[in-house]
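Secondary and tertiary structure notes
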Amino acid sequence: MRYLLQAVIIAAVTFAAEIIKYFVPLPVPASIYGLLLLFALLKSGILKLEQIEDVGNLLLELMPLLLVPASVSVLTALDTIQRMLLPVLVMGFLGTIAVMAVTGLLSQWMIRRKGEKSHE
Amino acid sequence: MSDLFASSAFFGLLLSAGSFELARAVNRRMGREVCSPLLFATLLCCAVLLLSGTDYEIYYESGGKMLEYLLTPATICLAIPLYRQFALMRKHAGAVLAGCLAGVAAHMAGCAAMLVLFRMEGPEYITLLPKSITTAIGKGLSQELGGYPAITMVTIMLTGLFGAVAAPALLRLFRITEPMAQGLAIGASSHAAGTSRAVELGDIQGAASSLAIVVTGLLTVAAAPLFAKLGG
């Protein structure tokens, strides 16, 4: 029954996230409030990793499957995607290359600079 | 056949999970990931629905919504890898934050360029904003801001597949050799799909990549509403 307790804890965090979402008028999905809340609970030691780890890891592993219905829903938006196919393709390829280069080069520069300093 | 499917309460669940498992079985057989289970399952589900003339609604009501129901708690559990990698984050806090922030800025600038270049409409432009982040957060964000979540999903998947395939060559091209920077670059640009490739490059790359997913996701959630105003 330890899985049930873990599921109850995760459901409670999810419910708390929905309550926060209800009161905070920002365009932020409830899952983000929940993510930050769960992180704070773990970090402060109120929750131990073992108390949610099994069910949590199961949910994380299942995540790609949980996304299948949302991506199949593209069937309901076929006319819209035809209209914006070009920007989608440009961002999908060129945008990805740009982000990879910018993030990689800047963080590499910062890590190396820090490394040189600590060698001095 | 569509009537038969409509009378079942499990059709959508079986179709989704079955096609997903089929892709995983192929990958196990080949000894490496030859097809993304999410992409394969999406294509197979779409094909079955189109060929049998079944409405998306029938699929959604008979299992699709059950899977989607678990997505919020699953996304919340991304706090677990974040918690595990906090030590790594702390050691390189500056590089992680600056790198991911610059990546998000580059992405938002790209979206703004698309808005002008293709004279996109507001909702279409908003659809692109969550492109680089993990599908779970991206779908919710697109919904919140008033984009087309389904198209955001397709764009995110395209990004992930391309990132996963091209990452090693691109990292060589840009001479990004620091393991930590390699991981951050992959995670910030191509989320979980890219991370599956980062894990193959090494442990540090894998950890840095999954860290970048969460950090980039959070930064995008913070920045996207501001950039969404450009399209309004």
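Residues numbered from 1 in each chain as written. Chains lettered and ligands numbered in written order. Predicted model: local features only at pLDDT ≥ 70, side-chain atom pairs only at ≥ 80, totals over all residues. Heavy atoms only, no water.

**What to know about the overall build of chain B**
Definition in use: Secondary structure elements follow DSSP: runs of H or I no shorter than four residues count as helices, runs of E no shorter than two count as strands, and numbering proceeds from the N terminus. We compute the radius of gyration from the C-alpha atoms alone; for a globule the expected value is 2.2 Å times N to the 0.38, where N is the number of residues. We call a residue buried when its accessible area falls under 20% of the maximum for its residue type, exposed when it is over 50%, and partly exposed in between, using a 1.4 Å probe and counting protein chains only. Any two residues whose heavy atoms approach within 4.5 Å are treated as being in contact. To be clear on the numbers: accessible area is Shrake-Rupley with a 1.4 Å probe, and residue cover counts the displayed protein chains and nothing else. The sign given to each residue is positive for Lys and Arg and negative for Asp and Glu; His and the chain ends receive no count. Where a charge lies is defined by one atom per residue type: Lys uses NZ, Arg uses CZ, Asp uses CG and Glu uses CD.
Summing up its helical and strand segments, chain B has 13 helices and zero strands in all. Of the regular secondary structure in chain B, the N- to C-terminal order runs α-α-α-α-α-α-α-α-α-α-α-α-α. Here the C-alpha radius of gyration of chain B, 19 Å, is about what a compact globule of 232 residues would show, namely 17 Å. Along the three orthogonal principal directions, the C-alpha set of chain B runs to about 55 × 45 × 30 Å. Within chain B, the proportion of its 232 residues that are buried is 56%. Relative to all contacts within chain B whose residues are 6 or more apart in sequence, the contacts with residues 24 or more apart total 65%. Taken as a whole, chain B presents about 9,800 Å² of accessible surface, with 65% of it coming from carbon and sulfur. With 15 positive and 13 negative side-chain charges, chain B shows a separation of 13 Å between the mean positions of the two kinds.

**What to know about the overall build of chain A**
Along chain A, the regular secondary structure elements total six helices and zero strands. Its helices and strands taken in sequence order, chain A reads α-α-α-α-α-α from the N to the C terminus. Computed over its C-alpha atoms, the radius of gyration of chain A comes to 21 Å, more than 25% above the 14 Å expected for a compact globule of 120 residues. Over its C-alpha atoms, taken along the principal directions, chain A stretches across nearly 60 × 50 × 30 Å. When burial is assessed residue by residue, chain A has 46% of its 120 residues classed as buried. Considering only contacts in chain A between residues 6 or more positions apart, those separated by 24 or more positions represent 49%. When the accessible surface of chain A is totalled, it reaches about 6,400 Å², and 70% of it is carbon and sulfur. Of the side-chain charges in chain A, 9 are positive and 8 negative, and the distance between the mean point of each set is 9 Å.

**So, helix α8 (residues 93-117) of chain B**
To be explicit about the condition: Here, expected helix span is obtained from the residue count minus one, scaled by 1.5 Å.
With 25 residues, α8 of chain B ought to run about 36 Å at 1.5 Å a step, and its terminal C-alpha atoms sit 36 Å apart, in line with that. Note on α8 of chain B: the residue one or two positions beyond its end, R119 of chain B, has a positive phi of about 45°.

**Quick word on the domain arrangement of chain B**
In many reports, interface size means the accessible area that the parts give up when they come together. Keep this limit in mind: Where each domain starts and ends follows an automatic or database-derived domain assignment.
When cut into domains, chain B gives domain 1 (2-69) and domain 2 (79-231). The distance between the C-alpha centroids of domain 1 of chain B and domain 2 of chain B comes to 27 Å.

**Remarks on the interface of chain B and chain A**
The cut-off we apply is this: Think of a salt bridge as a Lys or Arg side-chain nitrogen and an Asp or Glu carboxyl oxygen that are within 4 Å of each other. Counting of polar contacts relies on pairs of N or O atoms within 3.5 Å, with two restrictions inside protein: one atom must be capable of donating a hydrogen and the other of accepting it, and residues adjacent in sequence are counted only when both atoms are side-chain atoms. As a working rule, the residues Ala, Val, Leu, Ile, Met, Phe, Trp, Tyr, Cys and Pro are called nonpolar, Asp, Glu, Lys and Arg charged, and the rest polar, with Gly in that last group.
Tallying the contact residues gives 91 residues for chain B and 69 residues for chain A. Counting across the interface, chain B meets chain A through four salt bridges. Residue E178 of chain B is joined to R112 of chain A by a salt bridge in which the shortest nitrogen-to-oxygen separation is 3.0 Å. If you look at where chain B meets chain A, you find 14 residue pairs in polar contact (both at pLDDT 80 or more). Among the elements that take part in the side of chain B that touches chain A, helix α11 (residues 149-173) of chain B stands out by supplying 13 residues, more than any other. Here the side of chain B that touches chain A is built from residues that sort into 60 nonpolar, 21 polar and 10 charged.

**Details of the packing of aromatic side chains**
Here is the rule: Aromatic pairs are defined between Phe, Tyr and Trp rings, using the six-membered ring for Trp, whenever the two ring centres lie within 6.5 Å; interplanar angles under 30 degrees are classed as stacked, those over 60 as edge-to-face, and all others as tilted. Criterion for a charge above a ring: Arg CZ or Lys NZ at most 6 Å from the ring centre, at most 35 degrees from the ring normal.
Evaluation of the coordinates by the stated rule reveals six aromatic pairs over all chains. Ring geometry for Y22 of chain A and F23 of chain A: centres 5.2 Å apart, planes at 90°, overall edge-to-face. For the pair shown, Y22 of chain A and F23 of chain A are each scored as exposed. Ring centres of F5 of chain B and F11 of chain B lie 4.0 Å apart, and the angle between their planes is 10°; on these two criteria the pair is classed as stacked. This pair shows no difference in class: F5 of chain B is buried, exactly as F11 of chain B is. Among the aromatic residues, ring-to-ring pairing joins Y56, Y59 and Y60 of chain B into one connected group. Across from the ring centre of Y3 of chain A, 4.8 Å away, lies the NZ or CZ of R2 of chain A, which sits over that ring.

**Comments concerning the state of the cysteines**
To keep things clear, this is the line we draw: Cysteine sulfur atoms are paired as a disulfide whenever they fall within 2.5 Å.
Applying the stated rule across the entire model yields zero disulfides over all chains. Here C46 of chain B stays free of any disulfide, with the sulfur of C45 of chain B as its closest cysteine sulfur at 7.0 Å.

**Examining the layout of surface pockets**
Applicable threshold: With a 1 Å grid laid over protein atoms only, a set of points is called a cavity when a 1.4 Å probe fits there but cannot get out and a pocket when it is open yet has protein on both sides within 12 Å along at least five of seven lines; lining residues have an atom within 4 Å of a point. Grid points are joined across faces, edges and corners, and a volume is the space filled by probe spheres set on the points.
Roughly 1,500 Å³ of internal volume is contained in the largest pocket. If you go around the largest pocket, you meet 45 residues; those closest to its centre are P64 of chain A together with E33, A192, A193 and S196 of chain B. Broken down by secondary-structure element, the contributors of at least two residues to the lining of the largest pocket are α3 (53-66) of chain A together with α2 (11-30), α3 (37-52), α6 (79-84), α10 (135-145), α11, α12 (179-201) and α13 (203-231) of chain B. Of the residues assigned to the lining of the largest pocket, the class counts are 27 nonpolar, 10 polar and eight charged. In this structure, the second largest pocket is lined by 24 residues; those nearest its centre are T14 and E18 of chain A together with Y69, T72 and P73 of chain B. Of all the elements in the fold, those that place two or more residues in the lining of the second largest pocket are α1 (2-23), α2 (30-43) and α3 of chain A together with α4 (56-69), α5 (71-76) and α10 of chain B. Element by element, the count of residues in the lining of the second largest pocket is highest for α1 of chain A, at seven residues. Of the residues contributing to the lining of the second largest pocket, the split by class is 13 nonpolar, six polar and five charged.

**Describing the packing of α10 of chain B against α13 of chain B**
All names here are of chain B. Quick note on the threshold: Inter-axis angles, ranging from 0 to 180 degrees, are taken between N-to-C directions of lines fitted to C-alpha atoms, where helices are fitted over the stretch in contact. Throughout, the term roughly parallel applies to angles under 35 degrees, roughly antiparallel to angles over 145, roughly perpendicular to angles from 65 to 115, and oblique to all others. Left-handed describes a crossing in which the near helix is turned anticlockwise from the far one by less than a right angle; the clockwise case is right-handed.
Running from N to C, α10 and α13 cross one another at 20°; their axes reach a closest spacing of 11 Å. Between α10 and α13, the angle is such that the two are roughly parallel. For the element pair α10 and α13, the recorded crossing hand is right-handed. Only G217, T220, V221, A224, P225 and A228 of α13 make contact with α10, whose side of the interface consists of I137, L141 and L145. The class makeup of the residues in the contact of α10 with α13 is seven nonpolar, two polar and no charged.

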